[in-house]
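Letter by letter, the chains look like this.
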Amino acid sequence: MSTASTSKGLKLQIRDNLAGEYADVYTPEALTAITHMAQFNDEQKRLMSERTQRRAERIKARRPIAFLDPDSEIKGTGIRVQDARDGKFVGAVIPHDLERQWLQGTGPAAKPNSPVKANLRNVAYALLSGADGWMFDGEDALGQITTMSLDNQRSLKLAIARDPQFLEVAESVSKEMNAWAKDFFGREIISDWRTQLDFTTKIFRARGLHLDDRHIRVNGKSLSASIVDMCLYAVNNYNALQEAGSSIVLYLPKMQTAEEAGFWNKLLTALETYLGLEIGTIKCYVLVEQLEQTFQLMEIRAALGVHFVGFNTGRWDYINSVSDANSWDADFVNPNIESIVMTYGYMRNYEDRVRRAVNTPDINGNYALWQGGMEPNIPVGSKEGVASSMKKAKAGAEREQREGASGKWIAHWKMAHIIRPVWE
């Protein structure tokens, strides 16, 4: 364990010899920022303790989740619940590079226990894919596999800085992608790989408030993974992103309440202030993965204020949260998860609430985005199997477009040019 930084009586300790092995990620600037932001660590622990207690009390009392009292305030924000529902708050203006997000790809910028160039291939495929945005995933399991969370940050830093290592990999990957496209489409999909690298908006998904970082402790205590992730990504990349005219964009996962959204807003504002950035520079999407969230969507928008740009409707996490939230009710039965498609009863209600929330204007008439769920199909397998899965993929995209989504997620770069015509 090495001591990395001290500030305001806070001392960071980094596990083993990682401070040296990942000195390009654990930069002095990033570590100083993490130490500064560690002042919010106790509040994160309190919120997660209260989350667990709230769930236990609901189960014990056999009480379903309910809406907030409209005359109450969103805890920690000073915002009246009814004002949030009425759009009486200042939200964000959607930045130029998020105005069109028909397709967002998802996937990490690293592979387990892999060398730098192998990890950079993940980023190259993403940024050459033709997707409008790519959410580089730093969430959950990724952060618990050896040093994969740090490899993820390293890859993103090298790619965003246009490091020669990354450019070499990108040129090679572009040829592989064109070879596949010529066989599949009968044409190339990348005409100028250097220009193509600038097409896709880079987005980072930090780990949620429920997780602690496995590599860093503060004063001997576990440190919020959310604080670590947002600091490493923003501090190491904000200059390069701004010089390229790109936004700093995060996805925030596993949120459950507007109070937690308000805490995220506090973190974002504090980091922006520390870095000398205008408040609202960092934008965020919120993944709607919890049943409790759907009872507080406008409140979450209001609590995040000028940082919030949109919601995302996933599927699997939300379905599991419905089962968890109703675990006290012996009469509640979830069918097999494969049967719970987005047109299934409570999933339609879920989408409808998100649609209404993003289509409610704020006090300045600004709306928000709705990024649709994941398209899991990819073009691999037999000719018949590919044809069948691509038919399902296109039908799913058409359905989400009809429902009013701003775009959808894809699980693989090969899907970008297959699904794009639906949105064009």
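Summary of the structure given here. Everything quoted here is computed from the prediction, not taken from an experiment. Here the residue index of a chain counts from 1 through its sequence in written order. Local features in this predicted model are restricted to residues of pLDDT 70 or higher, and side-chain atom pairs are both shown and tallied only at a pLDDT of 80 or more, whereas totals for entire chains, interfaces and linings draw on every residue. Side-chain descriptors were evaluated using all non-hydrogen atoms of the structure, hydrogens and water having been removed beforehand.

Remarks on the sheet that holds strand S5 (residues 103-107)
One closed barrel holds the 8 strands; their spatial order is S5-S6-S7-S10-S11-S12-S13-S14, and the pairing between them is parallel. Here the strands of the sheet are splayed against their neighbours by 30° on average, with no regard to which way each runs. DSSP bridges decide pairing: two strands pair if at least two such bridges lie between them. Helix and strand labels come from DSSP, where a helix needs a run of H or I of at least four residues and a strand needs a run of E of at least two; each type is numbered from the N terminus. Strand direction decides the pairing type here: strand S10 (residues 248-252) and strand S11 (residues 282-288), joined by 5 bridges, are parallel. The partner of Tyr251 across the bridge, within S11, is Tyr285. Angles shown run from 0 to 180 degrees and are taken between the N-to-C directions of axes, each axis being a line fitted to C-alpha atoms and, for helices, limited to the stretch in contact.

A word on helix H7 (residues 164-184)
Every α-helix winds through 3.6 residues per turn, so residues three or four apart in the chain are directed the same way. Here H7 contains 21 residues, and its C-alpha end-to-end distance of 30 Å stays within 8% of the 30 Å for a straight helix at 1.5 Å per residue. Three labels apply to residues, based on accessible area from a 1.4 Å probe with only protein chains included: buried if under 20% of the type maximum, exposed if over 50%, partly exposed otherwise in between. Phe166, Leu167, Val169, Ala170, Val173, Ser174, Met177, Asn178, Trp180 and Ala181 are the residues of H7 that are buried. Any two residues having at least one pair of non-hydrogen atoms within 4.5 Å are treated as being in contact. The inward-facing, buried residues of H7 abut helix H5 (116-127), helix H6 (148-160) and helix H8 (193-196). Looking at the residues trailing H7, positive phi occurs at Gly186, about 80°. Multiplying 1.5 Å by the residue count of a helix minus one yields the expected span of that helix.

Remarks on the pattern of salt bridges
Note on definitions: salt bridges are taken to be side-chain nitrogens of Lys or Arg within 4 Å of carboxyl oxygens of Asp or Glu. Within the structure shown, the criterion is met by 34 salt bridges. Taking the shortest distance from any N to any O, the salt bridge between Arg80 and Asp71 comes out at 3.2 Å. Using a relative accessible area of 32% as the deciding quantity, one classes Arg80 as partly exposed. On the accessibility criterion, Asp71 (56% relative accessible area) is exposed. Between Asp132 and Arg100 there is a salt bridge; the shortest N-O distance is 2.7 Å. With Asp132 in the loop between H5 and strand S6 (133-137) and Arg100 in the loop between helix H4 (81-85) and S5, this residue pair connects regions lying 32 residues apart in the sequence. For Asp132, a relative accessible area of 1% translates into the label buried. Through salt bridges with shared partners, a single ionic network connects Asp137, Glu139, Arg205, Lys254, Glu289 and Asp317.

Description of the environment of Ala181
For Ala181, the location among the structural elements is in helix H7. Given the relative accessible area of 0%, Ala181 is considered buried. The contact partners of Ala181, leaving out residues within four places of it in the chain, are Gly186, Arg187, Glu188 and Ile189.

Here's the deal with the pairing of S11
Among the 7 residues in S11, 7 count as buried, and that is most of the element. On S11, burial covers both faces: Ile282, Cys284, Val286 and Val288 on one face and Lys283, Tyr285 and Leu287 on the other are all buried. Whether a crossover is right-handed comes down to one check: with the strands pointing away from the viewer, does the path from the first strand over the helix to the second run clockwise; if it does, it is right-handed. For the segment spanning S10, helix H10 (residues 258-275) and S11, crossover handedness is right-handed. Pairing of S11 with strand S12 (residues 308-313), which is carried by 5 bridges, proceeds in the parallel orientation. Paired with Val288 across the bridge in S12 is Thr313.

Regarding the packing of helix H12 (residues 316-325) against helix H13 (residues 345-358)
To describe two helices that pack against each other, one gives the angle between their axes and the distance between the axes. At a minimum axis separation of 12 Å, H12 and H13 run at an interaxial angle of 115°. One way to sum up the angle between H12 and H13 is to call them roughly perpendicular. Of the two possible hands of crossing, H12 and H13 adopt the one that is right-handed. In this structure, H12 contributes Tyr318, Ile319 and Val322 to the contact, and H13 contributes Tyr346, Met347 and Tyr350. Each angle is binned into one of four classes, with values under 35 degrees roughly parallel, values over 145 roughly antiparallel, values of 65 to 115 roughly perpendicular, and all other values oblique. Crossing chirality is assigned from the near helix's rotation relative to the far helix, an anticlockwise turn below a right angle marking it left-handed and a clockwise turn marking it right-handed.

Things to note about the packing of aromatic side chains
Ring pairs are drawn from Phe, Tyr and Trp, using the six-membered ring of Trp, whenever the two centres fall within 6.5 Å, and their geometry is named by plane angle: stacked under 30 degrees, edge-to-face over 60, tilted for the rest. Under the counting rule described, the total for this entry stands at 14 aromatic pairs. Judged by centre distance (4.7 Å) and plane angle (50°), the rings of Phe67 and Phe295 are tilted. Within this pair, whereas Phe67 is found in the loop between helix H3 (41-61) and strand S3 (73-74), its partner Phe295 is found in the loop between S11 and helix H11 (297-304), the two being separated by 228 residues in sequence. Residue classification places Phe295 among the buried positions, given a relative accessible area of 18%. Ring centres 5.5 Å apart and planes at 90° place the aromatic pair Tyr344 and Tyr346 in the edge-to-face group. Relative accessible area serves as the criterion here: at 30%, Tyr344 is assigned to the partly exposed category. Since its relative accessible area comes to 18%, Tyr346 is described here as buried. Taken together, the ring pairs connect Tyr125, Trp180, Phe184, Phe185 and Trp413 into an aromatic cluster. Positioned above the aromatic ring of Trp102, the side-chain terminus of Arg100 is 5.7 Å from the ring centre. The rule is short: NZ of Lys or CZ of Arg within 6 Å of the ring centre and within 35 degrees of the ring normal puts a charge over the ring. Above the ring of Phe185, the side-chain terminus of Arg187 is found at 4.8 Å from the ring centroid.

Brief notes about the state of the cysteines
A covalent bond bridging the sulfur atoms of two cysteines is what the word disulfide describes. We call a pair of cysteine sulfur atoms a disulfide whenever their separation is within 2.5 Å. In total, this model carries 0 disulfides according to the counting rule given. Lacking any disulfide linkage, Cys231 is separated from the closest cysteine sulfur, that of Cys284, by 15 Å. Cys284 sits in the buried class, given a relative accessible area of 0%.

Considerations on the side chain of Ser129
Inspection of the secondary structure assignment puts Ser129 in the loop between H5 and S6. Here Ser129 is in contact with Trp134, Met177, Thr200, Trp413, Ala416 and His417, once residues within four sequence places are set aside.

So, the nonpolar core
If you look at the biggest cluster of nonpolar residues, it comprises 122 residues, and the most contacted ones within it are Tyr26, Ile34, Phe166, Trp264, Leu271, Leu304 and Phe311. Residue contacts for Leu304: discarding those within four places in its chain leaves Leu252, Met255, Ala261, Trp264, Asn265, Leu268, Cys284 and Val286. Core analysis: the second largest hydrophobic core is formed by 12 residues, Ala92, Ile94, Ile203 and Val309 among them. Among buried residues, those of type Ala, Val, Leu, Ile, Met, Phe, Trp, Tyr and Cys that are joined through side-chain atoms within 4.5 Å constitute a nonpolar core.

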